[in-house]
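Single-letter residue listing:
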Amino acid sequence: MGRGVRGAGPTSRLLPLLLLLRLARGGAAGEPGADGLDVCATCHEHATCQQREGKRICICNYGFVGNGRTQCVDKNECQFGATVVCGNHTSCHNTPGGFYCICLEGYRATNNNKTFIPNDGTFCTDIDECEVAGLCRHGGRCMNTPGSFECYCMDGYLPSNGSEPFHPTTDATSCTEINCGNPPEMRHAILVENHNSRLGGVARYVCQEGFESPGGKITSVCTEKGTWRESTLTCTEILTKINDVSVFNDTCVRWQMDSERIDSKIVYVISIKGQRLDPIESVHEERVKVTTDSRTPEVCLTLYPGTNYTVHISIAPPRRSVPAVIGFQTAENDILEDDGIFNISIFNETCLKLNRHSKKVGSEHMYQFTVLGQRWYLDNFSHATSFNFTTRERVPVVCLNLYPTTDYTVNVSLLRSPKPHSVQITIATPPAVKQIISNISGFNETCLRWNIIKTVDMEEMYLFHIWGQRWYQKEFVREMTFNISTSSQDPEVCLELHPGTNYNVSLRALSSELPVVVSLTTQITEPPLPEVEFFMVRGGPLPHLRLRKAKERNGPISSYQVLVLPLVLQSAFSCDSEGTSSFFSNTSDADGYVAAELLAKDVPDDAMEIPIGDRLYYGKYYNAPLKTGKDYCIILRITSEWNKVRRHSCAVWAQVKDSSLTLLQMVGVGLGSMAVVIILAFLSFSAV
C-alpha cells in the first residue's frame with residue numbers, strides 16, 4: 001500500500017503542471033473566444049493582450065488611449081501646458097507614447113542634461129550668465145535676470161550707440177569712459193589746473209588780475225553725464241581807490257591805497273604834463289609805469305625846474321581804479337654843469353630809464369652796457385652781452401633783449417665824461433607767458449617726447465608733476481615730482497610708471513609759466529603668482545585646494561580658475577592658453593578641462609577651500625571627480641583683465657599619480673554598496 005502510494009505520487013503531482021503548460025500554450029496561441037475569434041490576434045499595434053478576470057482583452061499601451069483593438073491613439077501629455085506637465089521655464093514636446101521637457105533659453109536642467117522627464121525631481125533653474133567675465137564688454141556691468149541678463153555701464157562710463165540696459169548680442173551699445181573734454185571758459189578767470197577730464201576730474205580757476213572771487217575758489221567738476229558742472233562763483237572786478245597823494249623832495253610823489261586785497265604787485269600809470277615859461281622845452285609830457293606791492297607807493301620823477309606840473313595816477317588795466325590828480329610847481333635851478341651822475345629805473349621788466357642829474361640840454365653822452373645772466377637751476381647756463389649807447393636825451397630809455405626766468409646783472413658806465421660814473425642793477429626776468437612746449441606725445445606706453453621753442457644748444461630744465469590713480473583700487477594714489485635738464489630741442493623721457501594705472505603728467509619748462517598736461521594709461525601686466533602649497537599625491541585622497549586672494553599690484557583681478565590636465569601635458573601647457581573648456585564639452589578628458597571658476601568679488605579676503613571632484617558647479621564649470629588610476633596635474637590660474645587686455649599667471653597646485661577616490665567619493669561608494677547588500681537580503685527573504 002505504501003509502495004503504491006509512493007509510486008503514484010510523482011505522477012499525480014505532475015498532472016497539474018502539465019495542465020498549466022497546456023493552458024499556457026493555448027493562451028499564447030490565442031484560444032478562440034465565445035465568437036470563435038482569437039482576441040489577442042486582433043489587438044492594435046500599440047496595445048497589449050492581457051488576462052483580466054479569466055478573459056483575454058486588448059489594452060492600449062502607456063501613452064495611448066482607445067479600445068485596444070481598432071484604436072490606440074497617442075495621448076498628448078503636453079495638452080495641459082508645459083508649466084503643468086514640465087514645470088516653470090520649460091517647453092513640452094510630445095512623442096508617440098511619451099513626451100520630454102526642455103528648459104527655455106536662459107535656464108538649465110538640474111540634472112545637467114538637455115532633455116528630462118520631471119518624475120525624477122528635475123526642474124529648470126536660472127543660468128547666471130554674469131559669471132562669465134567680460135560679457136558686457138569693456139566698461140560694462142552685468143546684471144542677471146530670470147532667464148537672461150542685462151548690461152549697464154559701470155561708474156565712470158556712459159552708454160554710446162544706444163541706451164541702458166542693453167544686450168551685447170542684440171544691441172550695438174557699448175560703454176565708453178566718461179571724458180568731459182576741455183573745461184568751460186570762465187569769464188575773467190584763467191584755467192590753472194586740470195588733472196583729468198574723467199568722472200570726478202576737477203578744473204580749477206584763478207581770477208584775472210584786477211578781479212576776485214569773494215565767494216571762494218572757482219572749480220568745475222566732470223559729472224557722470226559727461227559734462228562739466230560749472231561753478232556758481234564768478235570773478236568780479238576790483239575797484240581800487242588812490243588816496244592822499246602828496247609831493248616831497250620837490251619831484252617825488254607818494255600816495256596810499258584803500259584796498260585791503262593787495263596780494264600781488266600793481267602796475268601804476270603816472271601821466272605827467274608840465275608847462276614852463278622858459279621857451280626852451282616849454283612843454284614836458286611823459287608817461288611812467290611803476291610796479292610795486294606797497295600800500296604806500298612812492299616814485300621820484302625826472303622833472304624840469306621851475307615848471308608847473310599836473311600828475312595823473314591810475315592803475316594799469318585790467319585792474320580799474322579811481323584816478324588821482326595832483327598839481328604842483330618845481331623849484332628853480334640855475335646849476336647847468338654836468339656832474340656825470342645818473343640813476344637807473346626799471347620798467348616793463350626789461351627796459352631801463354637813465355636819469356641824468358645834468359640840466360644841460362643837447363649834450364651828447366655815451367653809455368657802456370655790460371649784461372650777464374644766469375639761471376639758478378642750471379649750472380651750465382650763461383647769457384652775456386655788451387654794447388655802447390650814445391644819446392643826447394637827458395632821460396634815455398634802453399630796452400634789453402633778455403631771456404625769461406633768468407637773473408641778470410647789468411652794469412652801465414658813462415664814458416667820456418669828466419667825472420666817470422657807473423651804476424649796477426639786477427633784473428630777475430619772469431617766466432615767459434607764451435607756451436614754449438609743443439607737439440607733446442606719448443610712445444612705448446610710458447615715454448614722452450616734445451618740441452621746445454628756444455635758442456639752439458641752450459640748456460633748459462623741465463619740471464614733472466605726475467599723479468596716478470586706479471578706478472579699481474580707490475586707495476591707490478601715486479604722486480611724484482622731479483626735474484631734468486637737457487639742451488635738446490626734441491627731448492624724450494621715459495617714466496617709471498606702475499602698470500594698470502591712469503596717469504596725468506604736468507610738464508613745465510622753468511623758463512615758461514605755462515605747463516602742459518597729458519594723460520597716460522599703462523596696460524596691465526601679469527598678476528602675482530598664485531600662493532599655493534604644492535602637493536604630490538600618490539594613490540591617496542586629494543586634499544582641498546586652499547585659495548588665497550591675490551593682490552592687485554599690476555591690474556584688477558577678474559577671476560580664478562582651477563584647471564585639470566593629464567600629467568603628460570604639464571610641460572607643454574601655456575598659462576595664456578584660452579582653449580581649455582568645461583568637462584561636459586569634451587568627449588574625453590585627454591585635453592584637460594576647467595573644473596572651477598570664481599569671480600574675484602566672490603573670493604573672501606582671507607582664504608577659501610575647494611574640494612576637487614565634489615560634483616558641484618563653480619561658475620559655469622562642473623567640478624567632475626578624477627578618474628581612478630589616472631595621472632593628473634592640477635593648476636590654479638589667476639586672470640587679470642582691463643582695457644581690452646587680458647593677462648594670466650599660473651601655479652601648479654598638485655600632481656596626482658594613480659589617482660584614487662576622494663573622501664567624498666569613498667562615502668558615495670560605501671553607501672551604494674550598502675544599498676546593494678540590503679536589496680539582495682530583502683529579495684532572499686522574500687523568496688523564503
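Residues numbered from 1 in each chain as written. Predicted model: local features only at pLDDT ≥ 70, side-chain atom pairs only at ≥ 80, totals over all residues. Heavy atoms only, no water.

Draft legend 1. Local environment of the overall build of the chain. Per the secondary structure count, the chain includes 3 helices and 50 strands. Residue burial in the chain is summarised as follows: out of 688 residues, 40% are buried. A separation of at least 24 residues holds for 54% of the contacts in the chain among residues at least 6 apart in sequence. For the chain, the accessible surface area stands at approximately 39000 Å², while carbon and sulfur atoms represent 53% of it. (Helix = DSSP H or I, 4+ residues; strand = E, 2+ residues; numbered from the N terminus. Buried < 20%, exposed > 50% of the residue type's maximum accessible area, 1.4 Å probe, protein only. Contact = heavy atoms within 4.5 Å. Areas by Shrake-Rupley, 256 points an atom, 1.4 Å probe, with all protein chains shown as cover.)

Draft legend 2. Molecular detail of the pattern of salt bridges. A full pass over the atoms with the stated rule returns 10 salt bridges. A salt bridge links Glu-286 to Lys-353, with the nearest nitrogen and oxygen atoms 3.1 Å apart. Of the two residues, Glu-286 is situated in strand β23 (residues 283-292) and Lys-353 in strand β29 (residues 351-356); the sequence distance between them amounts to 67 residues. In this structure, Glu-286 and Lys-353 share a single accessibility class: buried. (Salt bridge = Lys/Arg side-chain N within 4 Å of Asp/Glu carboxyl O.)

Draft legend 3. Fine view of the sheet that holds strand β25 (residues 308-315). The strand order across the open sheet formed by 4 strands is β23-β22-β25-β27, and the pairing between neighbours is antiparallel. Among the strands making up the open sheet, the edge pair consists of β23 and β27 (324-329). In this sheet, adjacent strand axes meet at a mean angle of 20° when their direction is disregarded. Two elements, strand β22 (residues 266-275) and β25, share 8 bridges in a ladder whose sense is antiparallel. Bridge pairing links Val-269 to Ser-314 in β25. (Pairing = 2+ DSSP bridges. Axes fitted to C-alpha atoms, helices over the stretch in contact; angles between N-to-C directions.)

Draft legend 4. Quick peek at the layout of surface pockets. Roughly 1000 Å³ of internal volume is contained in the largest pocket. For the largest pocket, the lining is made up of 36 residues, of which Ala-133, Gly-134, Gly-140, Met-154 and Ser-558 are closest to its centre. Where the lining of the largest pocket is concerned, the elements lending two or more residues are β10 (140-145), β44 (557-566), β45 (593-599) and β49 (632-642). The element that contributes the greatest number of residues to the lining of the largest pocket is β10, accounting for 4 residues. Among the residues making up the lining of the largest pocket, the classes are represented as 17 nonpolar, 8 polar and 11 charged. (1 Å grid on protein atoms, 1.4 Å probe; cavity = no way out; pocket = protein on both sides within 12 Å on 5 of 7 lines; lining within 4 Å. Points joined across faces, edges and corners; volume = space filled by probe spheres on them. Nonpolar A, V, L, I, M, F, W, Y, C, P; charged D, E, K, R; others polar.)

Draft legend 5. Structural context of the nonpolar core. Leu-542, Leu-547, Tyr-560, Val-562, Ile-610, Leu-626 and Ile-634 are the most contacted members of the largest nonpolar core, which has 29 residues in total. For this core, the secondary-structure elements that each account for two or more residues are β43 (545-547), β44, β45, β46 (608-610), β49 and β50 (645-657). What Val-562 contacts, discounting residues up to four positions off in sequence, is Leu-545, Tyr-593, Val-594, Ala-595, Ala-596, Ile-610, Ile-612, Ile-634, Ile-635 and Leu-636. Counting 21 residues, the second largest nonpolar core, distinct from the first, contains Val-253, Ile-270, Leu-301 and Ala-324. (Core = buried A, V, L, I, M, F, W, Y, C linked by side-chain atoms within 4.5 Å.)

Draft legend 6. Highlighting the environment of Ser-271. Mapped onto the elements, Ser-271 comes out in strand β22. Residues Ser-271 and Ser-314, 43 residues apart in the sequence, show an inter-C-alpha distance of 8.6 Å. Once residues lying within four places of it in the same chain are set aside, the contact partners of Ser-271 are Glu-286, Arg-287, Thr-310, Val-311 and His-312.

Draft legend 7. Spatial organisation of the UniProt feature "domain: EGF-like" (unreviewed entry) in the chain. Mapped onto this structure's residue numbering, the UniProt feature "domain: EGF-like" (unreviewed entry) falls at residues 36-73, 74-113 and 126-163. In this annotation, residues 74-113 is assigned 10% helix and 40% strand; the end-to-end C-alpha distance for the span is 26 Å. Annotated as 0% helix and 45% strand, the span residues 126-163 places its first and last C-alpha atoms 25 Å apart. (UniProt positions renumbered as here; feature names shortened; annotations may be inferred.)

Draft legend 8. Quick peek at the side chain of Asn-355. Within the secondary structure, Asn-355 sits in strand β29. Assessed through its relative accessible area of 9%, Asn-355 is described here as buried. Looking at Asn-355, its side chain comes within polar contact range of the side chain of Thr-302, at 2.7 Å. (Polar contact = N/O pair within 3.5 Å; in protein donor to acceptor, adjacent residues only side chain to side chain.)

Draft legend 9. Geometry of a nonpolar patch on the surface. Among the surface-exposed residues, Ile-190, Val-192 and Val-206 lie close enough to one another that they form a single nonpolar patch of about 230 Å² accessible area. Take Val-192: its relative accessible area is 45%, and that puts it in the partly exposed class. (Patch = residues over 30% accessible without salt bridge, like charges linked within 9 Å, V, L, I, M, F, W, Y side chains within 5 Å.)

Draft legend 10. Layout of the state of the cysteines. One pass over the full model with this rule turns up 15 disulfides. The partner cysteine of Cys-43 in its disulfide is Cys-58, sulfur to sulfur 1.8 Å. Looking along the S-S bond of the Cys-43-Cys-58 disulfide, the torsion reads about -85°, which is the left-handed sense. Of this pair, Cys-43 sits in the loop between α1 (2-29) and β1 (47-52) while Cys-58 sits in strand β2 (residues 55-60), and the two are 15 residues apart along the sequence. (Disulfide = S-S within 2.5 Å.)

Draft legend 11. Just the side chain of Asn-623, in detail. Along the chain, Asn-623 turns up in the loop between β48 (621-622) and β49. Of the polar contacts made by the side chain of Asn-623, one reaches the side chain of Asp-614; its length is 2.8 Å. Filtering out sequence-adjacent residues up to four positions away, Asn-623 remains in contact with Ala-595, Ile-610, Pro-611, Ile-612, Gly-613, Asp-614, Arg-615, Leu-616 and Tyr-618.

Draft legend 12. Here's a closer look at the sheet that holds strand β20 (residues 239-248). The mixed open sheet is built from 4 strands, whose spatial order is β24-β21-β20-β26. In the strand order of this sheet, the two ends are held by β24 (298-300) and β26 (320-322), each with one partner. Put simply, the sheet's adjacent strands are angled 30° from each other on average, direction ignored. Inspection of the sheet shows β20 paired to strand β21 (residues 252-257) by 5 bridges, in the antiparallel sense. Bridge pairing in β21 places Ile-242 opposite Met-257.

Draft legend 13. Local environment of the pairing of strand β35 (residues 437-443). Here β35 runs beside strand β36 (residues 447-452); their pairing, made up of 5 bridges, is antiparallel. In the strand pairing of β36, Ser-441 is matched with Arg-449. Taking the residues between adjacent antiparallel strands as the criterion, β35 and β36 are bridged by 3 residues, where Asn-444 takes a positive phi near 50°.

Draft legend 14. Structural view of the packing of aromatic side chains. Counted by the stated rule, this structure contains 14 aromatic pairs. Measuring from centroid to centroid gives 5.5 Å for Trp-471 and Tyr-472, while their planes differ by 85°, and the two rings are edge-to-face. Within the aromatic cluster, the residues linked to one another by ring pairs are Trp-450, Tyr-462, Phe-464 and Phe-482. Between the NZ or CZ atom of Arg-108 and the centre of the ring of Tyr-617, over which it lies, the distance is 4.4 Å. (Phe/Tyr/Trp six-rings, centres within 6.5 Å; stacked < 30°, edge-to-face > 60°. Lys NZ or Arg CZ within 6 Å of the ring centre and 35° of its normal.)

Draft legend 15. Quick look at unusual backbone geometry. The omega torsion across Glu-164 and Pro-165 is -10°, close enough to zero to call that bond cis. The backbone phi angle of Asn-112 is positive, close to 65°, even though this residue is not glycine. One can find Asn-112 in the loop between β7 (107-109) and β8 (115-116). In this structure, Lys-644 is a non-glycine residue whose phi angle is positive, near 65°. Following the sequence through the fold, Lys-644 ends up in the loop between β49 and β50. Of the residues examined, Lys-644 reaches a relative accessible area of 75% and is grouped as exposed.

Draft legend 16. Structural context of the environment of Pro-146. Of note, Pro-146 is situated in the loop between β10 and β11 (148-153). Separated by 40 residues in sequence, Pro-146 and Gly-106 place their C-alpha atoms 7.6 Å apart. Apart from residues lying up to four places away in sequence, Pro-146 is in contact with Tyr-107 and Asp-126.

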